[in-house]
Amino acid sequence: MLATSTSATPEAARFRRRLMAWYRENGRHGLPWRLTRDPYAVLVSEVMLQQTQVERVLPYYSAWLERWPSFAALAAASPADVIREWRGLGYNRRALNLHRLAVAVISDHGGELPPSAATLRKLPGIGPYTAAAIQSFARDQRIAVADTNIARVLARALFGTPTGREVPAGALSDAADALLPSREVRHHNLALMDLGALVCGSRAPRCGECPVARLCAWKAAGYPAGKTTSAPAPRFEHTARFARGRIVDALRAAPATAAELAAMLPAHHAARIGHYLQALEKDVLIAPAADGLWSLPPRPR
Ligand code: SF4
């Protein structure tokens, strides 16, 4: 079984060798954001890929870069245009954060993303994962990246648990650091990500096709169940996210009154229209306009 404490063990070296051999044959090398090292393009892809499938992101990514190919172009856009372009991707706050980030990069950082992961994390919408992804995928720095897919692979292969939730805090990132190779770290991260996405899926891992199956602690232990259980998710139509998305969608087309917006929602959401409008205004995704109307946010003065 694979040791988790150091990258220098023969098992760790074997793990990396098998992973990379698999990746060379099976990795998703043609994804457009993997063919560039432009930090702006990598950032756009990472923000779009948060909570959204690769296939859905592909057309949005190309359209976005065609319309706004740089931080300067995006910073000059209006928040309303950015929210309109995001239509269909969901989690609209990501679009606004990307816009705010572009404005901050132009006004405070001379048009370039700051160099360190710690400074990156101070920008709107950038958490530890996105900061590490930019450092690795755009700048080839020796840093471990741990998205959901990678965390799942490492939890299973190294710790023998079905997900990262059962692994003590900090241990997963320590293990990810310890497993880093001395060279080609970017490809190592991408290979783990692809293994999690294509083979070691959350529901039905295809261990028969897995290059590290013989080293996998979870498989060796007979796939023990995790300790944590999550409550079943409510139907999407019953969530606040659904109602908020419908409201923003309507305002993408034209300003509307609260009554008009309530009328296009199911009754249980219509009763909460004031609450939704308040929350969206707080997030600066919408703004009150003249004559009792609501609209997408105006350009800041
Ligand atoms: S052997 Fe199965 S569970 Fe283990 S890493 Fe491979 S696909 Fe995942």
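The shown structure was predicted, so the numbers you read here are calculated from the model rather than taken from an experiment.

Parameters and conventions
- Residues numbered from 1 in each chain as written.
- Predicted model: local features only at pLDDT ≥ 70, side-chain atom pairs only at ≥ 80, totals over all residues.
- Helix = DSSP H or I, 4+ residues; strand = E, 2+ residues; numbered from the N terminus.
- Buried ≥ 20, exposed ≤ 12 C-beta atoms within 10 Å, placed from the backbone.
- Contact = placed C-beta atoms within 7 Å.
- Expected span 1.5 Å × (residues − 1).
- Pairing = 2+ DSSP bridges.
- Near = placed C-beta within 6 Å.
- Nonpolar A, V, L, I, M, F, W, Y, C, P; charged D, E, K, R; others polar.
- Axes fitted to C-alpha atoms, helices over the stretch in contact; angles between N-to-C directions.
- Parallel < 35°, antiparallel > 145°, perpendicular 65-115°, else oblique.
- Domains from an automatic or database assignment.
- Core = buried A, V, L, I, M, F, W, Y, C linked by C-beta atoms within 7 Å.

### Re the overall build of the chain
And then number 1: Looking only at helices and strands, the chain has 16 helices and three strands in total.
And then number 2: Looking at the chain as a whole, 33% of its 301 residues qualify as buried.
And then number 3: Sequence separation of 24 or more characterises 61% of the internal contacts of the chain that already satisfy a separation of 6 or more.

### Re helix α11 (residues 185-198)
And then number 1: Its 14 residues give α11 an end-to-end C-alpha distance of 20 Å, which sits within 8% of 20 Å, the value for a rise of 1.5 Å per residue.
And then number 2: The element α11 is extensively covered by neighbouring structure, given that ten of its 14 residues are classed as buried.
And then number 3: What α11 keeps buried is the set R186, H188, N189, L190, A191, L192, M193, D194, L195 and G196.
And then number 4: Summarising the contacts, the buried residues of α11 are in contact with α1 (10-26), α8 (128-138) and α9 (148-159).

### A closer look at the sheet that holds strand β1 (residues 256-257)
And then number 1: Overall, antiparallel pairing links the three strands, which are arranged β1-β3-β2 in an open sheet. Of all the strands in the sheet, the pair left with one neighbour each is β1 and β2 (287-288).
And then number 2: The sheet contact formed by β1 and strand β3 (residues 293-295) spans two bridges and is antiparallel. Directly across from A256, in β3, lies its bridge partner W294.

### Some details on the site of the ligand
And then number 1: Contacts to the ligand come from 13 residues, most closely from C200, P205, C207, C210 and C216.
And then number 2: Mapped onto the shell around the ligand, the elements with two or more residues apiece are α9 and α12 (217-220).
And then number 3: No other element matches the three residues that α9 contributes to the shell around the ligand.
And then number 4: Of the residues in the shell around the ligand, the class split is eleven nonpolar, no polar and two charged.

### Looking at the packing of α9 against helix α10 (residues 171-179)
And then number 1: Here α9 crosses α10 at 85 degrees, and the two axes come no closer than 10 Å. Classified by the angle their axes make, α9 and α10 are roughly perpendicular. Two secondary-structure elements touch here, α9 through A151, L154, A155 and L158 and α10 through L172, A175 and A176.
And then number 2: Residues of the contact of α9 with α10, tallied by class, amount to seven nonpolar, no polar and no charged.

### Focus: unusual backbone geometry
And then number 1: Phi at D140 is positive, roughly 55 degrees, even though this residue is not glycine.
And then number 2: Its location among the elements puts D140 in the loop between α8 and α9.
And then number 3: Backbone geometry places V284, a non-glycine residue, at a positive phi of 60 degrees.
And then number 4: Here V284 is to be found in the loop between α16 (273-282) and β2.

### Some words on the environment of L293
And then number 1: The residue L293 is located in strand β3 in this model.
And then number 2: Note on L293: 16 C-beta atoms within 10 Å, which makes it partly exposed.
And then number 3: Taking the C-alpha atoms as reference, L293 lies 18 Å from P79; in sequence the two are 214 residues apart.
And then number 4: Setting aside its immediate chain neighbours within four residues, L293 contacts P255, A256 and T257.

### Some points on the domain arrangement of the chain
And then number 1: With domains assigned, the chain is organised as domain 1 (10-29 + 143-220), domain 2 (38-138) and domain 3 (236-295).
And then number 2: Of the residues contributing to the side of domain 1 that touches domain 2, the split by class is five nonpolar, one polar and two charged.

### Concerning the nonpolar core
And then number 1: V44, I134, I150, L154, A157 and L172 are the most contacted members of the largest nonpolar core, which totals 76 residues.
And then number 2: Looking at this core element by element, the count peaks at eight residues for α9.
And then number 3: Here V44 is in contact with Y61, W64, L65 and L98, once residues within four sequence places are set aside.

### Considering the environment of C200
And then number 1: Residue position: C200 is located in the loop between α11 and α12.
And then number 2: C-beta crowding within 10 Å serves as the criterion here: with 27 such atoms nearby, C200 is assigned to the buried category.
And then number 3: Distance in space between the C-alpha atoms of C200 and H29 is 18 Å, their sequence separation being 171 residues.
And then number 4: Residues contacting C200, with those up to four places away along its chain left out, are R152, V153, R156, L195, P205 and C210.

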